[in-house]
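# Descriptive structure summary
Residues per chain, in single letters:
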Amino acid sequence: MAESVINNYFPSQVVSDAEKLSYDYGLKIAKAIESEWFHQDRGHTRYTTTQNNFHNLRLYARGEQSIQKYKDELSINGDLSYLNLDWNPVPIIPKFVDIVVNGIAERMYDIKAYSQDPFGVSKRTQYMESIIRDMKMKSIDAYVKENFNLDISESDSETLPANEEELAIHMQLSYKQSVELAEEQALKVLMEGNDYELIRKRFYYDLTVLGIGAVKTGFTTSEGVTIDYVDPANLVYSYTESPYFEDVYYVGEVKTIPINELAKQFPHLTHEDLEEITKTKSTHVNNHNRGGGRSDNNSVQILYFNFKSYMNEVYKMKETGSGADKAIEKEDTFNPPSDKEGGYERLHRSIECLYEGAMILGTEKLLKWEIAKNMMRPKSDFTKVKMNYSIVAPRMYEGKIDSLVKRITGFADMIQLTHLKLQQIMSRMVPDGVYLDADGLAEIVLGNGTNYNPQEALNMFFQTGSVIGRSFTSEGDMNPGKVPIQEITSGSGGNKMQALIGTYNYYLQMIRDVTGLNEARDGSMPDKDALVGIQKMAAANSNTATRHILQSGLFLTAQTAECLSLRISDIIEYSPTKDAFIQAIGAHNVSTLEEMSNLHLYDFGIFIELAPDEEEKALLENNIQVALSQQSIELEDAIDVREIKNLKLANSLLKIRRKKKIDKDQKIQQENIQAQSQANIQAQQAAAQMEVQKNQAVTQSKAELAQVESQLEMQRMQAEGELKKMLMEQEFQYNMQLRQMEVEGVRGREKEKEDRKDKRTKIQATQQSEMIDQRNNKKPPKNFESSGNDIMGGGFNLGMFEPK
């Protein structure tokens, strides 16, 4: 159905706000949606066609597709009586689906909140300016701290960035406002409370199998903020060519609910209304129910939908007596006459508005039509509104959705047919046989009286492999049966099987080529000759082939987190459950309680920080190990880099830490050189000083030694003088006695000469005899004079005191 024809069903939006809120207007919107999706076109509706297509894709993804097409292919005029085959489908697609879904679902991520309102931006700007100021005043701050013991810097000098590059990394890694931490904590608690991880796995499965995924957020006073999984097969939406569905003006889903749930959701329905709904829906539900057997008389199909329109905010501007202007809110139909006095003026603006509705399919019964409560409006632009549904279809073109499974269903069918053909050939194959020529056996005579019958010939052949034959007959003619036993081989079946196995592998490889899921992705058939790096490259290429599914899932997560952020703001600002919600969040982090109450004042930007995959981790770890081996970074730096999930930031931090380590090492090396130089100078000075001290000590020692020697010499000379004095005194006494004795002798001789002149002859004879005796003895006369002892040190001779 053409888009122009479909749009004709919808009522005009250029009407008053009061008319848009009317029951009839909402019923027209619901009937237009029903006409677009449930209008019979050649026996099918758009809704049933979509559901059947998605149902078939899900069957293929489970390996449970219909086998009727395979029976039609192998049957002859519908006759399958000659075929005894196992018709169960080969579950080849589920393996590839599990590889993609499980591999993507294991990727870790963090939700980051970034305050982008003027107040948050001003706080961030002030923090950056304080750091920049400290960076410029670093030398002055150090001088003041060293000389006056005052710290005038606003930042920690140890973690202060050295340049703008480090400042950018610091702002992304280290700086976090307390309100941003509170917002992230609130998002985490809400997602955990709604089991978002399970929802995430389900829409990743839908993105892989169906090519589309959807999530719905809502708010009720009883349950608070809710996150619900949406089955894409139940979705209805306006025509769009955008994979992100940002331009749709209505979106909804069809749910089959029991009557008791209907009464609980819409308490205004009376008993008579429920009975009427039960009677009128029964003939219509089965028309739109794909299976026809899943519904019963106790259930009903409800179309829940959001419709985006616009509403006018109109104000009457009136000039007061004081000259001021007064604004009075009016309905959008207000239009003051131009000729009226009083200075009236009409001001207005158009803003988007979201309406919520619910209708029972196949009836004229509209259960709900109202302006949506807690509409999600970004604080950066209050004129915009976000729908409750977040939808993405990464491979959509002109409204048609493509998926990974859809690309390979044809190859899966060929694999199944090949599998059935293999079974068929195996059932028709017979074992190798033996041809036995009875006439050839009849011509053989063993010569021992026994008969060579066919049974004995077969026993001999099977047991020994030998056979007895005759080249000539008994008449001497050539014997055509000279080899009576021959093997019969049926080799044609084996050739067919090999051909079919090759066909099977061909279509399996086609699936790998189309999807990009090669052997390296699941490790099923690694090449023994391929290097590990080549295997990793193949796995990385396979991840690249399915990256659009990962990015689509991250888009849904980011959209869900953004919707939650806006709903948290509404809860804190308007909801009566504000205190209970804040306490529930604060129970996990008491420090965020104070900031939680002010979250509605901020506008947050939400982005997803995806953890690197194994290949990216390996590349980062390789860089870290190279840096560690070269001692370019410390172990603490490696730990900090590994904790960063953003690979780009991790590599940037690694470069900065490496540069700082190199600068630090160079500084240490220069300090070591300077310290070594100072040590050498100090050593030289110490050596020179030691030499001087040594010389002084030697000189002093020599002086002391000379003094001691002089004192000893003086003492020796004194002692020697005393001794010589004593000797000289004794010698003098001896000499005096000798002189006296000589004088007395002379006097006696003179006296004897005079007295004994008569005896001269006798005395002369006596003297002569004495002289003879002296000559005979050859002894000189005794000399009592001291030799050298009468000379003291210094050349003082005592010989002058000898007696004259």
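Residues numbered from 1 in each chain as written. Predicted model: local features only at pLDDT ≥ 70, side-chain atom pairs only at ≥ 80, totals over all residues. Heavy atoms only, no water.

## Some points on the overall build of the protein
Looking only at helices and strands, the protein features 26 helices and 17 strands. The buried share among the 804 residues of the protein stands at 37%. Contacts in the protein between residues far apart in sequence, at least 24 positions, make up 73% of those at least 6 positions apart. Entry remark: accessible area of the protein is about 48,600 Å², with carbon and sulfur atoms responsible for 51%. (Helix = DSSP H or I, 4+ residues; strand = E, 2+ residues; numbered from the N terminus. Buried < 20%, exposed > 50% of the residue type's maximum accessible area, 1.4 Å probe, protein only. Contact = heavy atoms within 4.5 Å. Areas by Shrake-Rupley, 256 points an atom, 1.4 Å probe, with all protein chains shown as cover.)

## Quick word on the nonpolar core
The biggest cluster of nonpolar side chains holds 120 residues, and the ones touching the most others in it are Ile33, Ile92, Tyr204, Ile212, Leu235, Leu262 and Ile302. Element by element, the count of residues in this core is highest for helix H20 (residues 547-574), at 10 residues. Setting aside residues up to four positions removed in sequence, Ile92 forms contacts with Ala412, Ile415, Leu508 and Ile511. Judged by nonpolar contacts, the second largest core, of 13 residues, contains Ala627, Leu649, Leu653 and Leu654. (Core = buried A, V, L, I, M, F, W, Y, C linked by side-chain atoms within 4.5 Å.)

## What about the sheet that holds strand E2 (residues 213-220)?
In space, the 3 strands of this open sheet follow the order E3-E2-E10, with antiparallel pairing throughout. One side of each edge strand has no neighbouring strand; the edge strands of this open sheet are strand E3 (224-230) and strand E10 (389-392). On average, each strand axis in the sheet is tilted by 15 degrees relative to the strand beside it, whichever way the strands run. Bridging between E2 and E3 involves 7 bridges; their strand directions are antiparallel. Note on E3: the bridge partner recorded for Phe219 is Val225. Set on the sheet, helix H11 (residues 196-209) makes contact with E2, E3 and E10; between it and E3 the angle comes to about 25 degrees. (Pairing = 2+ DSSP bridges. Axes fitted to C-alpha atoms, helices over the stretch in contact; angles between N-to-C directions.)

## Structural notes on a negative patch on the surface
Taken together, the side chains of Glu241, Glu246, Asp247 and Glu398 define an acidic patch exposed on the protein surface. Looking at the secondary structure, you find Glu246 in the loop between strand E4 (235-237) and strand E5 (250-258). (Patch = residues over 30% accessible without salt bridge, like charges linked within 9 Å, V, L, I, M, F, W, Y side chains within 5 Å. Salt bridge = Lys/Arg side-chain N within 4 Å of Asp/Glu carboxyl O. Lys, Arg positive; Asp, Glu negative; His and termini not counted. Charge placed at Lys NZ, Arg CZ, Asp CG, Glu CD.)

## Looking at the packing of helix H6 (residues 93-105) against helix H14 (residues 404-428)
When two helices pack together, you describe them by how their axes are tilted relative to each other and by the distance separating the axes. Where H6 meets H14, the axes come as close as 11 Å, and the angle between the chain directions of the two elements is 155 degrees. Considered as vectors, H6 and H14 are oriented roughly antiparallel to each other. Crossing handedness for the pair H6 and H14: right-handed. For the pair formed by H6 and H14, the contact residues are Ile93, Val97 and Val100 on the first element and Leu404, Val405, Ile408, Thr409 and Ala412 on the second. (Parallel < 35°, antiparallel > 145°, perpendicular 65-115°, else oblique. Left-handed = near helix turned anticlockwise from the far one by under 90°.)

## Observations concerning unusual backbone geometry
Its identity as a non-glycine residue notwithstanding, Glu398 has a phi of 55 degrees, on the positive side. Mapped onto the secondary structure, Glu398 falls in the loop between strand E11 (396-397) and strand E12 (400-401). Residue classification places Glu398 among the partly exposed positions, given a relative accessible area of 43%. Residue Gln631 is not a glycine yet carries a positive backbone phi of 55 degrees. Within the element layout of this structure, Gln631 appears in the loop between helix H23 (614-629) and helix H24 (635-642). A relative accessible area of 60% means that Gln631 is categorised as exposed.

## Thoughts on the environment of Leu404
For Leu404, the location among the structural elements is in helix H14. Along the sequence, Leu404 and Val514 sit 110 residues apart, while their C-alpha atoms lie 8.6 Å from each other.

## Things to note about the pattern of salt bridges
It is possible for side chains of opposite charge to pair when their charged atoms get near one another. Counted according to the given criterion, the structure contains 26 salt bridges. With its nearest N and O atoms 3.8 Å apart, the salt bridge here joins Lys384 to Glu352. Here Glu352 lies in strand E8 (residues 344-360) and Lys384 lies in the loop between strand E9 (366-371) and E10, a separation of 32 residues in the sequence. Taking relative accessible area as the criterion, Lys384 reaches 41% and is therefore assigned partly exposed. Glu742 serves as the salt-bridge partner of Arg739, at 3.5 Å between the closest nitrogen and oxygen. With Arg739 and Glu742 both in helix H25 (residues 647-755) and 3 residues apart, this pair spans about one turn of that helix. According to the relative accessible area criterion, Glu742 is partly exposed, its value standing at 46%. Salt bridges sharing partners connect three or more residues here, namely Arg124, Lys176, Glu180 and Glu184.

## Notes on the side chain of Gln416
Relative to the assigned elements, Gln416 resides in helix H14. Judged by its relative accessible area of 1%, Gln416 falls in the buried class. Excluding residues within four positions of it along the chain, Gln416 makes contact with Tyr70, Trp87, Asn88, Pro89 and Val90.

## Some remarks on the packing of H24 against H25
Contact geometry of H24 with H25 gives a least axis separation of 9 Å together with a crossing angle of 165 degrees. The angle between the axes of H24 and H25 places the two elements in the roughly antiparallel class. The two elements H24 and H25 cross, and the hand of that crossing is right-handed. Only Ala650, Leu653, Leu654 and Arg657 of H25 make contact with H24, whose side of the interface consists of Asp637, Asp640 and Val641.

## A look at the confidence of the model for the protein
Here the protein averages 79 in pLDDT, and 81% of its residues register 70 or above. In this model, residues 282-293 is a region of pLDDT below 50 whose contacts with residues beyond four sequence positions or in other chains number 19 contacts. Confidence drops under pLDDT 50 across residues 528-541; counting only partners more than four residues distant or on other chains, this segment forms 11 contacts. (pLDDT = per-residue confidence, 0-100.)

## Things to note about the packing of aromatic side chains
Applying the stated rule across the entire model yields 17 aromatic pairs. Ring centres 5.2 Å apart and planes at 5 degrees place the aromatic pair Tyr355 and Trp369 in the stacked group. Placement of Tyr355 in strand E8 and of Trp369 in strand E9 is noted, with a sequence separation of 14 residues between them. The rings of Phe10, Tyr25, Tyr249, Tyr250, Phe305, Phe307, Tyr355 and Trp369 are connected pair by pair, giving a single aromatic cluster. Lying over the aromatic face of Tyr237, Arg46 brings its terminal NZ or CZ to 5.9 Å of the ring centre. Directly above the ring of Tyr114 sits Arg124, whose terminal nitrogen or CZ lies 4.0 Å from the centroid. (Phe/Tyr/Trp six-rings, centres within 6.5 Å; stacked < 30°, edge-to-face > 60°. Lys NZ or Arg CZ within 6 Å of the ring centre and 35° of its normal.)

## Points about helix H3 (residues 23-38)
The end-to-end C-alpha distance of H3 is 22 Å, a good match for the 22 Å that 16 residues give at a rise of 1.5 Å each. The complete set of buried residues in H3 reads Tyr25, Gly26, Leu27, Ile29, Ala30, Ala32, Ile33, Glu34, Glu36, Trp37 and Phe38. (Expected span 1.5 Å × (residues − 1).)

## Structural notes on a nonpolar patch on the surface
A grouping of Met137, Ile140, Tyr143, Phe148, Leu150 and Ile152 is seen on the molecular surface, where their side chains present a nonpolar patch of about 610 Å² in accessible area. Overall, the relative accessible area of 52% leaves Tyr143 in the exposed class.

## Some details on the pairing of strand E1 (residues 109-115)
Along E1, the buried face is formed by Tyr109, Ile111, Ala113 and Ser115; none of Asp110, Lys112 and Tyr114, which line the opposite face, is buried. Taken together, the 7 bridges between E1 and strand E15 (residues 604-610) define a ladder with antiparallel strand orientation. Each residue of the ladder has a partner; that of Ser115, found in E15, is Phe604.

## Looking at the pairing of E10
Burial along E10 is two-sided: the face carrying Tyr389 and Ile391 and the face carrying Ser390 and Val392 are both buried. Pairing of E2 with E10 involves 4 bridges; the strand directions are antiparallel. Its bridge partner lying in E10, Ala214 is registered against Ile391.

## Quick look at helix H9 (residues 164-173)
All of the buried residues along H9 are Glu166, Leu167, Ile169, His170 and Met171. Of the surrounding elements, those touching the buried residues of H9 are helix H7 (118-136) and H25.

## Here's the deal with the environment of Glu246
Here Glu246 falls in the exposed class, since its relative accessible area comes to 52%. Along the sequence, Glu246 and Lys386 sit 140 residues apart, while their C-alpha atoms lie 9.0 Å from each other. Only 2.6 Å separates the side chain of Glu246 from the side chain of Ser242, close enough to count as a polar contact. (Polar contact = N/O pair within 3.5 Å; in protein donor to acceptor, adjacent residues only side chain to side chain.)

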